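In case you want the letters, here they are:
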Amino acid sequence: MVETSISVTSYDMGAPMEEEQGENVLLHTTQGDIDCLFHRAQGSDAAVLWAGSWRGEEQAQRSSPIARSVAQNLVKDGVASLLIRYRQNGQLGACIRDTQAGVSFLEGLGFQRIALVGHSFSGAVVISAAPLSQAVVAVVALASQTFGARPVAHIHPRPILLVHGTSDQRLNCYCSEQIYSWARKPKELVLLEGASHGLWERKDDLLPLLHRWLAEKLQASP
């Protein structure tokens, strides 16, 4: 049977992880359990969901360096972050539903303004997931693939930021240029000269850009 919907039935909060400055969350859903890492911001109603940015298995789980750095800085601005690990990595439909479950979890905690961020394959995931919830107010796609990104026009009137490295040998920066052409305003495209698919070569430009953009769209104090 093809999965068509997902609901969060309950969740368990784990102990804080000092090295990650977050706490483990296990979402129990109608389609299985989803591992997450939660950066809590007390009293906040704004959050960022980092799709697919919590990776690995059991003790080897770790966050992506981009998500970790920006999430920790956003907490200081009163913005929470939820990093989710996909149940079936690489399966577009399943990963979209995992992202939906993460959004539903955040809404249940009282978050009213949510931004979605995805890198590479996950860029298409967040583009597809964004129109499915009114709580989503902004989208960031980093070095995104085009497959699964055609619904980008439906993100309107939410803003979208597309970032790509000009030296990306896995997904040419043409991918983000194509998605930008499909998108409706408000939209922004930033090409980072010399950056590869991971974008980390230009972290000194990328991390402040993401921090400022997300804080602004979530109306946080920079």
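Before reading on, note that the structure itself is shown above.
Everything numeric here is computed off the predicted structure, so don't read it as measured data.

Here is what the cut-offs are and how they apply
Each chain carries its own residue numbering, running from 1 in the written order of its sequence. Where totals are concerned, whole chains, interfaces and linings use all residues; where local detail is concerned, this predicted model gives features only for residues with pLDDT of at least 70, and gives and counts side-chain atom pairs only at 80 or more. In computing side-chain properties, one takes all heavy atoms of the structure into account and sets aside hydrogens as well as water. A run of H or I in DSSP counts as a helix once it spans at least four residues, and a run of E counts as a strand once it spans at least two, with each numbered from the N terminus. Cysteine sulfurs are considered disulfide-paired once they come within 2.5 Å of each other. To sort residues, take the accessible area from a 1.4 Å probe on protein chains only and compare it with the maximum for the residue type: under 20% means buried, over 50% means exposed, and anything in between is partly exposed. Note on definitions: a residue-residue contact is assigned when non-hydrogen atoms from the two residues lie within 4.5 Å. Salt bridge, as used here: a side-chain nitrogen of Lys or Arg that lies within 4 Å of a carboxyl oxygen of Asp or Glu. In this scheme, strands are said to pair when DSSP sees at least two bridges between them. Here is how to tell: hold the view so the strands point away, follow the path from the first strand over the helix to the second, and if it runs clockwise the crossover is right-handed. Among buried residues, the Ala, Val, Leu, Ile, Met, Phe, Trp, Tyr and Cys ones that are joined through side-chain atoms within 4.5 Å form a nonpolar core. Stacked, edge-to-face and tilted labels apply to pairs of Phe, Tyr and Trp rings (six-membered ring for Trp) whose centres lie within 6.5 Å, assigned for plane angles under 30 degrees, over 60, and everything in between, in that order.

Asker: Just to check I follow, could you spell out unusual backbone geometry for this structure?
Answerer: In this model, H156 is joined to P157 through a cis peptide bond whose omega is 10°. Within the secondary structure, P157 is located in the loop between β9 (136-142) and β10 (160-165). Omega for the peptide link from K185 to P186 comes to 0°, which places this bond in the cis form. Relative to the elements of secondary structure, P186 occurs in the loop between α4 (174-182) and β11 (187-192). Look at A143: it is not a glycine, yet its phi comes out positive at around 50°.

Asker: I tried to follow the state of the cysteines on my own but got confused; where do I start?
Answerer: Defined simply, a disulfide is a covalent bond joining two cysteines at their sulfur atoms. Within the structure shown, the criterion is met by zero disulfides. C36 supplies the cysteine sulfur nearest to C95, a cysteine that is in no disulfide, at a spacing of 13 Å. With a relative accessible area of 0%, C95 lands in the buried category.

Asker: Sorry if this is basic, but what is going on with helix α3 (residues 121-129) here?
Answerer: Turn by turn, an α-helix covers 3.6 residues, leaving residues three or four places apart pointing in a common direction. Summarising burial for α3: nine of the nine residues are buried, a large majority. Buried within α3 are the following residues: F121, S122, G123, A124, V125, V126, I127, S128 and A129. Summarising the contacts, the buried residues of α3 are in contact with β4 (46-51), α2 (92-108), β8 (113-119), β9, β10 and α4.

Asker: It is not clear to me how the pattern of salt bridges should be interpreted in this structure. Could you clarify?
Answerer: When charged atoms on two side chains of opposite charge get close, those side chains can pair. Following the criterion strictly, the structure yields seven salt bridges and no others. R40 is the salt-bridge partner of E23, the closest N and O atoms lying 2.9 Å from each other. Of this pair, E23 sits in strand β2 (residues 22-29) while R40 sits in the loop between β3 (32-39) and β4, and the two are 17 residues apart along the sequence. The exposure class of E23 is buried, given its relative accessible area of 14%. Between R202 and D205 there is a salt bridge, with its nearest N and O atoms 2.8 Å apart. Of the residues examined, R202 reaches a relative accessible area of 23% and is grouped as partly exposed.

Asker: Sorry if this is basic, but what is going on with the pairing of β8 here?
Answerer: Side-chain positions along a regular strand alternate between the two faces of the sheet. Taken across its seven residues, β8 has five buried, putting it largely inside the fold. Pairing of β4 with β8 involves six bridges; the strand directions are parallel. Residue L49 lies in a different strand from β8, and its bridge partner there is L116. Inspection of the sheet shows β8 paired to β9 by six bridges, in the parallel sense. By the bridge assignment for β9, V117 is matched with V140. Taken together, β8, α3 and β9 constitute a β-α-β crossover, and its handedness is right-handed.

Asker: Please clarify how the nonpolar core should be interpreted in this entry.
Answerer: Looking at soluble globular proteins, one finds that nonpolar side chains tend to be buried together. If you look at the biggest cluster of nonpolar residues, it comprises 42 residues, and the most contacted ones within it are L49, L106, L116 and I127. If one sorts the elements of this core by residue count, α2 sits on top with seven residues. With residues near it in sequence (within four places) discarded, L106 still touches F38, A47, L49, L82, F111 and I114. Ranked by size, the runner-up nonpolar core spans 31 residues in total, among them V48, L161, V163 and L209.

Asker: What is the right way to look at the packing of aromatic side chains in this model?
Answerer: The geometry of an aromatic ring pair comes down to the distance between the two centres and the angle between the two planes. Enumeration over the complete set of coordinates arrives at four aromatic pairs. Pairing Y11 with F105 gives two aromatic rings, centres 4.9 Å apart and planes at 80°, and the pair type is edge-to-face. Of this pair, Y11 sits in strand β1 (residues 8-17) while F105 sits in helix α2, placing them 94 residues apart in sequence. For F105, a relative accessible area of 3% translates into the label buried. Taken together, a centroid distance of 6.1 Å and an interplanar angle of 80° make the contact between F38 and F105 edge-to-face. Here F105 lies in helix α2 and F38 lies in strand β3, a separation of 67 residues in the sequence.

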